[in-house]
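# Tertiary structure, described
Each chain is listed here by its residues.
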Amino acid sequence: MGDVEYEIGGEGPSRDARMWAMWCHLGALVGYILIPFGSILAPAVIWLMKRESDPFIDAHGREALNFQVTLLMYFVVAAILILVVVGLVLLPVLYIGGVILTIHAAIHANDGRPYRYPFTIRMFN
């Protein structure tokens, strides 16, 4: 996310850009609660609609989408590992960690700061 630089002492991203970047992350929570694959669809839709309006939104949207796709891959592996019992521990850890990291990233976006999710495969650059 180092590709979004604002001048020192400058205002940084606009309030609108910070809000949309925050929603790129928080939109993923829809998938955790309501809609299957919503955790990928919501950030993707917001990012695709708003990425051209501000580089801050583009960077946060890409990061949110990369994390949610990576997390889905981890969930699939953990589901398979249920056969050897390890998945029973991994699934709740992934779920809780995903929610916490998503909220943490949304707070960073709302504050106008960059954020990089840990353990993320960056497919969208």
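All of the points below concern the structure found in this document. (Residues numbered from 1 in each chain as written. Predicted model: local features only at pLDDT ≥ 70, side-chain atom pairs only at ≥ 80, totals over all residues. Heavy atoms only, no water.)

## Overview of the overall build of the protein
Of the regular secondary structure elements, the protein holds five helices and zero strands. The C-alpha atoms of the protein give 15 Å as radius of gyration, which agrees with the globular expectation for 125 residues (14 Å, within 12%). Projected onto its principal axes, the C-alpha coordinates of the protein cover approximately 55 × 25 × 20 Å. Summing over all exposed atoms, the protein offers an accessible surface of approximately 7300 Å²; the carbon and sulfur share of this is 70%. Side chains of the protein give 8 positive and 10 negative charges; the mean places of these two sets differ by 6 Å. (Helix = DSSP H or I, 4+ residues; strand = E, 2+ residues; numbered from the N terminus. Rg over C-alpha atoms; globule rule 2.2 N^0.38 Å. Areas by Shrake-Rupley, 256 points an atom, 1.4 Å probe, with all protein chains shown as cover. Lys, Arg positive; Asp, Glu negative; His and termini not counted. Charge placed at Lys NZ, Arg CZ, Asp CG, Glu CD.)

## Things to note about the layout of surface pockets
Each pocket or cavity is described by its volume, and for the largest pocket that value is around 160 Å³. If you list the elements that add at least two residues to the lining of the largest pocket, you get α2 (29-33), α3 (38-50) and α4 (55-80). The element that contributes the greatest number of residues to the lining of the largest pocket is α4, accounting for four residues. In the lining of the largest pocket, the residues fall into eight nonpolar, three polar and no charged. (1 Å grid on protein atoms, 1.4 Å probe; cavity = no way out; pocket = protein on both sides within 12 Å on 5 of 7 lines; lining within 4 Å. Points joined across faces, edges and corners; volume = space filled by probe spheres on them. Nonpolar A, V, L, I, M, F, W, Y, C, P; charged D, E, K, R; others polar.)

## Here we look at the packing of α3 against α4
The geometry of α3 relative to α4 is characterised by a closest axis approach of 9 Å and an angle of 160° between their N-to-C directions. It follows from the interaxial angle that α3 and α4 lie roughly antiparallel. By crossing handedness, the relation of α3 to α4 is classed as left-handed. Here S39, I40, P43, A44, W47 and K50 of α3 come into contact with α4, specifically with I57, D58, G61, R62, A64, L65, Q68, V69 and L72. (Axes fitted to C-alpha atoms, helices over the stretch in contact; angles between N-to-C directions. Parallel < 35°, antiparallel > 145°, perpendicular 65-115°, else oblique. Left-handed = near helix turned anticlockwise from the far one by under 90°. Contact = heavy atoms within 4.5 Å.)

## Concerning a nonpolar patch on the surface
Where nonpolar side chains cluster on the molecular surface, the patch consists of F37, L41, L72, V76, I80, L83, V84, V86 and L90 and spans about 860 Å² of accessible area. Put simply, the parts of the chain that give the nonpolar patch at least two residues each are α4 and α5 (86-111). Here the element with the most residues in the nonpolar patch is α4; it accounts for three residues. Following the sequence through the fold, F37 ends up in the loop between α2 and α3. (Patch = residues over 30% accessible without salt bridge, like charges linked within 9 Å, V, L, I, M, F, W, Y side chains within 5 Å. Salt bridge = Lys/Arg side-chain N within 4 Å of Asp/Glu carboxyl O.)

Without other data, these values stay purely geometric and don't point to any function.
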